[in-house]
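# Notes for the structure review
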Amino acid sequence: MSSISVEVQGHIAVITMDRPPVNALVRDSYIELREIFDSVSDIPGVRVAVLRASGKAFCTGNDVGEFVGLKTGEQARAYAGIVSDGIAAVYACKIPVVAAVHGHALGAGMAIAACADVIVAAPDAQIGIPEIKVGVIGASAFLGLIVPEKVARYLALTGKSISAEQVESYGGIQAIVPAAEVFDRAMSVATEISAIAPRGVRYFKQAMNINQNAMLVEKYATESGFTAQYVGSSESRESVAAFVEKRAPEYD
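Computed from a predicted structure; not experimentally measured.

What follows covers the packing of helix α1 (residues 27-39) against helix α2 (residues 73-92). For the pair α1 and α2, interaxial distance at closest approach is 8 Å and the crossing angle is 30 degrees. Considering their axes alone, α1 and α2 lie roughly parallel with respect to each other. Crossing handedness for the pair α1 and α2: left-handed. Each of Arg-27, Tyr-30, Ile-31, Leu-33, Arg-34, Phe-37 and Asp-38 in α1 lies in contact with α2, whose residues at this interface are Tyr-79, Ile-82, Val-83, Asp-85, Gly-86, Ile-87, Ala-89 and Val-90.

Turning our attention to the sheet that holds strand β6 (residues 118-121). Taken in spatial order, the six strands line up as β1-β2-β3-β4-β6-β9 in an open sheet, and their pairing is mixed. Sheet topology places β1 (4-9) and β9 (175-176) at the edges, where each strand pairs with a single neighbour. Pairing of strand β2 (residues 12-17) with strand β3 (residues 48-53), which is carried by six bridges, proceeds in the parallel orientation. Within the sheet, the bridge partner assigned to Ile-12 lies in β3 and is Val-48. Its contacts with the sheet place α1 against β1, β2, β3 and β4 (97-101), and it is angled at close to 20 degrees to β1.

Counted by the stated rule, this structure contains two cavities of 30 Å³ or more. Here the largest cavity defines a volume of roughly 150 Å³. As for the largest cavity, its lining consists of 17 residues, and the residues nearest its centre are Asn-62, Ala-80, Val-136, Tyr-220 and Thr-227. When contributions to the lining of the largest cavity are tallied by element, the ones reaching two or more residues are α2 and α9 (216-230). In terms of residues, the lining of the largest cavity owes the most to one element, α2, which gives four residues. Of the residues in the lining of the largest cavity, the class split is 12 nonpolar, four polar and one charged.

Opposite charge on two side chains permits them to pair, given that their charged atoms come into close proximity. Scanning the entire structure with this criterion turns up seven salt bridges. The salt bridge partner of Asp-28 is Arg-27, with a shortest N-O separation of 3.4 Å. Asp-28 gets classed as exposed once you look at its relative accessible area, which sits at 51%. What makes Arg-27 partly exposed here is its relative accessible area of 40%. Here Glu-245 ties to Arg-247 by a salt bridge, and the two come within 2.7 Å at their closest N and O atoms. Residue classification places Arg-247 among the partly exposed residues on the basis of a relative accessible area of 33%. Linked through salt bridges whose partners overlap, the residues forming this network are Glu-238, Glu-245 and Arg-247.

Here the focus is the nonpolar core. Phe-37, Phe-58, Val-101 and Leu-143 are the most contacted members of the largest nonpolar core, which totals 66 residues. Tallying contributions element by element places α2 first for this core, with seven residues. In this structure, Phe-37 is in contact with Ile-15, Leu-51, Ala-89, Val-90, Cys-93 and Val-97, ignoring residues within four places of it in sequence. Core analysis: the next-biggest nonpolar cluster, separate from the first, contains 17 residues, Val-48, Val-120, Ala-186 and Met-187 among them.

On to the environment of Leu-106. Along the chain, Leu-106 turns up in strand β5 (residues 104-106). Separated by 44 residues in sequence, Leu-106 and Asn-62 have C-alpha atoms that sit 8.8 Å apart.

With that settled, the discussion passes to the sheet that holds strand β8 (residues 161-163). Reading across the sheet, the three strands line up as β5-β7-β8 and stay open at both edges, with mixed pairing between neighbours. Strand pairing shows two members of the sheet lacking a second neighbour, β5 and β8, which therefore form its edges. Averaged over all adjacent pairs, the angle separating strand axes in this sheet is 20 degrees, with direction ignored. The pairing of β5 with strand β7 (residues 126-128) spans three bridges and is classified as parallel. Looking across to β7, one finds that His-104 is bridged to Gln-126.

Scoring rules and cut-offs
Residues numbered from 1 in each chain as written. Predicted model: local features only at pLDDT ≥ 70, side-chain atom pairs only at ≥ 80, totals over all residues. Heavy atoms only, no water. Axes fitted to C-alpha atoms, helices over the stretch in contact; angles between N-to-C directions. Helix = DSSP H or I, 4+ residues; strand = E, 2+ residues; numbered from the N terminus. Parallel < 35°, antiparallel > 145°, perpendicular 65-115°, else oblique. Left-handed = near helix turned anticlockwise from the far one by under 90°. Contact = heavy atoms within 4.5 Å. Pairing = 2+ DSSP bridges. 1 Å grid on protein atoms, 1.4 Å probe; cavity = no way out; pocket = protein on both sides within 12 Å on 5 of 7 lines; lining within 4 Å. Points joined across faces, edges and corners; volume = space filled by probe spheres on them. Nonpolar A, V, L, I, M, F, W, Y, C, P; charged D, E, K, R; others polar. Salt bridge = Lys/Arg side-chain N within 4 Å of Asp/Glu carboxyl O. Buried < 20%, exposed > 50% of the residue type's maximum accessible area, 1.4 Å probe, protein only. Core = buried A, V, L, I, M, F, W, Y, C linked by side-chain atoms within 4.5 Å.

Here is the structure:
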């Protein structure tokens with residue numbers, strides 16, 4: 001069953017994640033995400049995409065239940081590749097992407113938002129990278145797109161999250177508006193962009209992506225490689241089990 005929909009409104013493609021209750025994504029969600037962002041720029045007349053989510057959170061990242069099934073490094077690498085392809089498709093989308101973020105944007109959800117060209121957020125938005133708490137290593141390079149390196153390291157190594165207001169202070173969020181206005185503001189930004197020469201905008205985005213960080217996806221692959229080494233360990237299994245069972249982990 002599809003968990004991501006696309007609706008065209010004039011020159012804007014509205015892409016909505018809808019996987020209740022908190023838009024935690026599974027393998028098929030990332031495949032769908034990649035397919036949509038690979039093809040949305042080919043829709044006639046579409047110049048900008050707005051990415052939003054239904055429910056109480058933007059996206060809490062991976063459905064941790066799928067981590068339980070990762071027993072070997074090979075399985076972890078294969079899964080990470082699918083996740084990476086989905087996230088990278090947002091970054092590489094040929095048209096600008098505006099993210100309308102509310103609630104939690106964590107882990108892969110944070111990465112998806114960070115890969116947008118512009119972020120508009122609600123006051124309740126929380127940005128974080130809790131991977132270390134669930135036996136996984138990855139996504140800090142994407143976090144580095146919206147916060148300084150030392151902040152990204154702190155969040156990565158503690159698994160903590162920070163408020164939209166803090167991210168805005170670092171320049172990672174364009175605007176914070178009341179929750180009821182987030183989508184409208186994102187559409188307003190998209191409309192501004194859609195009024196500019198469309199081919200020029202596509203070329204400019206491609207140039208900025210190349211100049212900004214040509215190794216972004218490769219950096220995620222590096223972290224995923226360490227996840228592949230880590231997944232089979234008792235420590236990683238304990239992290240996942242503790243998260244699923246809602247208890248404090250007990251490490252040796």
